[in-house]
Amino acid sequence: MVEDCLRYRNDDPVTDPAVTVDSFADQTNATAVRIEPGDDARALLPHLSRIALVEVNFPTYGDGRGYSAARILREHGYAGELRAVGDVLLDQLSHMRRCGFDSFAPAHPITAEAADKAFATWPDVYQKTVDGRAPIWAKRHG
Amino acid sequence: MYQYDTYDQEMVDARVAEFRDQVARRIAGEITEDQFKPLRLKNGLYLQLHAYMLRVAVPYGTLSSAQMRMLGDIADKYDRGYGHFTTRQNIQYNWIKLEDAPDILADLASVEMHAIQTSGNCIRNTTSDQYAGAAADEIVDPRPYAELLRQWSTFHPEFDYLPRKFKIAIIASETDRAAMKLHDIGIQLVKNEAGEIGCKFFVGGGMGRTPMIAPVINPFVPPLQMISYLEACLRVYNRYGRRDNKYKARIKILVHEIGADEYRRQVDEEFAHILTLGLEPPQAELERIKGFFANPGFETGLSDEIDRSDPDFAVWVDQNVAAHKQPGYAIATIALKPVGGIPGDASADQIRLMADLAKELSFDELRVTHAQNIVLPHVRKADLYTLWQRLDAAGLANANLDLISDIIACPGLDYCSLANARSIPVAQKISERFADLGRQRELGEIKLKISGCINACGHHHAGHIGILGVDRKGTENYQLLFGGSEGADTSLATIIGPGFSEDGVVDAIEKATDVYLAQRADGERFLDTYRRIGTAPFKEAIYG
Amino acid sequence: MKILTGNDLKTGDVVWWDGQGWSRHVNEAVDVADQAEAILAVEEAARRVNASYAIDATVRDGEVRPAHIKDRIRALGPTVRLDLSLKPADPAAGNWVI
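Residues numbered from 1 in each chain as written. Chains lettered and ligands numbered in written order. Predicted model: local features only at pLDDT ≥ 70, side-chain atom pairs only at ≥ 80, totals over all residues.

Quick look at the overall build of chain A now. Across its full length, chain A holds 5 helices and 8 strands. Reading the secondary structure of chain A in the N-to-C direction produces β-β-β-α-β-β-α-β-α-β-β-α-α. Taking 14 Å as the expected radius of gyration for a compact globule of 142 residues, we find that chain A reaches 15 Å, a close match to that expectation. Its C-alpha atoms give chain A principal-axis dimensions of about 45 × 40 × 30 Å. Within chain A, buried positions represent 42% of all 142 residues. (Helix = DSSP H or I, 4+ residues; strand = E, 2+ residues; numbered from the N terminus. Rg over C-alpha atoms; globule rule 2.2 N^0.38 Å. Buried ≥ 20, exposed ≤ 12 C-beta atoms within 10 Å, placed from the backbone.)

Pasting the structure below:
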């Protein structure tokens, strides 16, 4: 079944509209924010506790800044929903997940089955990131 | 050399399966060429002038005889009987079919090889010193660190859509045999005053449209922080490298535009944060990898004598054989630069012969150099004559290492869709003009490099003599440059005047060598004379 | 005249639009006038060609001659390996690209 949004969380989705990074600090009621490629995700670090949803926009799949934005947020303890939106294609899902994304709203819908297969591409991983997977070097040395 | 464990093997196997699926989806029309292109590039598959081209990775230029043999077999089975060794220590096949590509990757995986990330806006093959593990002047073998780097950079999820390609080189000697400072990141392993090994990071070098020599960003990063520091360097680039202009998107532009000091500051900030995350592989992993690079069982008590009674052999020894750290051994270079030949090309039979020679005479190991030659790193001096005879019988005993006919040339407009002019015919004509080996030896070391376009895959900026092919109103034209160097004294070549026709540039080079012979002081190479007397005497001779 | 060229998707072979399909031989290329975009859209969508584009060409001595040297090299093959080109028996074939 084709989904508009693939979501891998157990809590309820946020329904608030996402505001821009620039306006988030002043909008004290906002719980959802949208990061564009040129935004500095670090600007949100002082506010992580009140954010329930971060959308990271990929206007074109070739612009990889969103991967760093996501990973930075997770590295600093952000535990809310982290959603990749826009030109998100099947072949990027696996890496996006590894950078901390737990939901996806691709412009061209992707089936849940195809997504599951994409997430299963790599039996192991070389690098330690924010997805909790033990990297190969950790498995080698216990 | 490194051997895959089950983890490494399953990763390349998973990649083959992933690509096989992607190719099937492309052929079935489920993804467009625009969507497929970055995926195939990340498996080294280009669409070039005549067919698809596959670039196979040779990690840090090191391969076993079994791997080399497979490269020869692939040339026969899937291509048209030859391969091309490149300026990044890789091999390219020019006549590949898309529908065969997954099977080729599967064949490569069966011998622990791949084409992962040899193109695309991601971290490419990490290159190293072709004499690693054999040279007397290295402080440590850089290849275990290169292998650590290879694994860290493979399928790195954050750095798969960088602003542009990213090339890393790592060496461990003062003599730079890998053009390290002309890379996005160059790492030199050094020793501090306490005798501890550390990583000296150079960031922001490169050739192409705007050549730059990388400045030192950190003079000493402890080896057990190397990966964390790399993460910081790459993250700053991924976030702030330009994405508005393809020709301004390399990290050298970022470092140049914000300044090395500011880049360093941003990296240090990121580095401090990353050090808290525990991303670094443990020392045990580096030690495990080092275990694969121990000395391969050298014999002791061997003679250092070489019987030079065969004069042709003696010339080859003088030119192509370098000193080895172990008494009784030598490093032999097979120059893939026959007179009038195509630089870096080797037939499938020649590739398999080199594999056999490595197995018999070099502890089963070969290297690819960025000068498009092949090295047998551990040859007993007593075996050099046998080696030379076998090479000579196969047309592979060209005794021209680092001489004017040891040309680096990109494939150029004969093969490459990016090129503006052909480069190989120029190389052939130069090689034929200077065919006489005695004349070449009289001229001495001349590193001549030819690029068929501004992308500089032929490294012309780093040539003692560099040639850049351009398109001048639909006609091929060649600019001549002098004074580049890729060694520890890295410098960028300067253009000397208006461009030439194909025959004209060969004549101009001959006149330049005449100036050198007339003006040189004792012991000076062409490069040294040029640096001393400047461009003017050459310009006058060439342009009259 | 305007002719169309590209590569075969599966094999990578250089191909030229001959009016009905895609030929390996540039001399079979036809003038598409102002129909380039329309033809390529259909052919790309059907995956009968890949990486296609329109180029200028002339007819000289009864042969179709692409305007740019790059496409002439595509039409022939590598000038330094004529044995792998479409004219392996002609040692002077490379002169045609200049």
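Before going further, it helps to examine the packing of helix α15 (residues 502-519) of chain B against helix α17 (residues 536-543) of chain B. All names here are of chain B. The geometry of α15 relative to α17 is characterised by a closest axis approach of 9 Å and an angle of 135 degrees between their N-to-C directions. By the angle between their directions, the pair α15 and α17 is classed as oblique. Seen from above, α15 lies across α17 with right-handed handedness. Across the interface between the two elements, A508, K511, A512, D514, V515 and Q519 of α15 pack against P537, F538, A541 and I542 of α17. Of the residues in the contact of α15 with α17, the class split is 7 nonpolar, 1 polar and 2 charged. (Axes fitted to C-alpha atoms, helices over the stretch in contact; angles between N-to-C directions. Parallel < 35°, antiparallel > 145°, perpendicular 65-115°, else oblique. Left-handed = near helix turned anticlockwise from the far one by under 90°. Contact = placed C-beta atoms within 7 Å. Nonpolar A, V, L, I, M, F, W, Y, C, P; charged D, E, K, R; others polar.)

So, on to the nonpolar core. All names here are of chain B. Membership of the largest hydrophobic core comes to 225 residues, with the highest contact counts inside it found for L54, V203, C233, A332 and M354. Looking at this core element by element, the count peaks at 9 residues for helix α6 (residues 226-240). Discounting chain neighbours no more than four positions away, the residues touching A332 are N320, V321, V375, L376, V379, L384 and L387. (Core = buried A, V, L, I, M, F, W, Y, C linked by C-beta atoms within 7 Å.)

We now examine the interface of chain A and chain B. If you look at the interface, chain A gives 26 residues, while chain B gives 31 residues. Sorting the residues of the side of chain A that touches chain B by element identifies α2 (65-75), α3 (93-98) and α5 (136-140) of chain A as the ones contributing at least two each. Of the residues forming the side of chain A that touches chain B, the biggest block, 5 residues, is contributed by α2 of chain A. Classifying every residue of the side of chain A that touches chain B by side-chain character gives 8 nonpolar, 8 polar and 10 charged.

All names here are of chain B. Where helix α3 (residues 65-78) contacts helix α11 (residues 348-361), the two axes come as close as 8 Å, and the packing angle between them is 170 degrees. Considered as vectors, α3 and α11 are oriented roughly antiparallel to each other. Across from S65, M68, R69, L71, G72, A75 and D76 in α3, the residues of α11 making contact are A348, I351, R352, M354, A355, D356, A358 and K359. Residue classes in the contact of α3 with α11 are distributed as 8 nonpolar, 2 polar and 5 charged.

With 2 pairs of chains in contact overall, the greatest share of contacts is found between chains A and B. For the non-touching pair chain A and chain C, the nearest C-alpha separation works out to 18 Å.

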